[in-house]
Amino acid sequence: MDIFFIRAVSLGHLEKVLISHDGAGPGSGWFLDKIVIKHKGEEAQEVVFPCNRWLDEYQDDGKTERELTANKDGSSMNTLLKGKSCFPAIVFYTIVFAV
């Protein structure tokens, strides 16, 4: 799991994120389960962007860029994990905290 803390102005209600990599170097592809963005403050909020796809030019559909849409039903990370299994060697869960 990768966790990033970012100080930024409020981005408001997030609906989509774009994530990509340049594919440089051997073994640069990776499997992205989801991105979770947590907003700190008086009312803590969590937005989940499910992916469950490879970002790899040699896996899946060969794309290294994905536009992800927020999970509309308000499910938390635990709900998204129910009933799913992943077999790749590398699974990334990205959590971004806006502080």
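You'll find the structure just up there.
Computed from a predicted structure; not experimentally measured. All residue numbers here refer to positions counted from 1 along the written sequence of the relevant chain. Two thresholds apply to this predicted model, a pLDDT of at least 70 for residue-level local features and 80 or more for giving and counting side-chain atom pairs, whereas whole-chain, interface and lining totals are computed over all residues. Hydrogens and waters are ignored; side-chain quantities use all the structure's heavy atoms.

(A) Examining unusual backbone geometry more closely. In this model, Asn52 sits at a positive phi of 55 degrees, which is unusual for a non-glycine residue. If you trace the backbone, Asn52 turns up in strand E4 (residues 45–55). To sort residues, take the accessible area from a 1.4 Å probe on protein chains only and compare it with the maximum for the residue type: under 20% means buried, over 50% means exposed, and anything in between is partly exposed. The exposure class of Asn52 is partly exposed, given its relative accessible area of 33%. Starting at the N terminus, helices and strands are each numbered in turn, a helix being any DSSP run of H or I of at least four residues and a strand any DSSP run of E of at least two.

(B) Broad picture of the nonpolar core. In this text, buried Ala, Val, Leu, Ile, Met, Phe, Trp, Tyr and Cys residues form a nonpolar core when linked through side-chain atoms within 4.5 Å. Counting residues in each nonpolar core, the largest one holds 13 residues, and the members touching the most others are Ile19, Leu32, Ile35, Phe49 and Leu68. Listed by contribution, the elements that provide at least two residues to this core are strand E2 (16–20), strand E3 (30–39) and E4. It only takes one pair of heavy atoms within 4.5 Å for two residues to be counted as in contact. Once residues lying within four places of it in the same chain are set aside, the contact partners of Leu68 are Glu15, Lys16, Val17, Ile19, Leu32, Ile35, Phe49, Pro50 and Cys51.

(C) Spatial organisation of a nonpolar patch on the surface. Patch building starts from residues that exceed 30% relative accessible area and form no salt bridge, then joins like charges within 9 Å and nonpolar side chains (Val, Leu, Ile, Met, Phe, Trp, Tyr) within 5 Å. Calculation of accessible area relied on Shrake-Rupley with a 1.4 Å probe; when residues are assessed, cover is drawn exclusively from the protein chains displayed. Definition used for salt bridges: Asp or Glu carboxyl oxygen within 4 Å of a side-chain nitrogen of Lys or Arg. A contiguous nonpolar surface patch, about 350 Å² in accessible area, is contributed by Met1, Ile3 and Phe5. Here Phe5 lies in strand E1 (residues 2–6).

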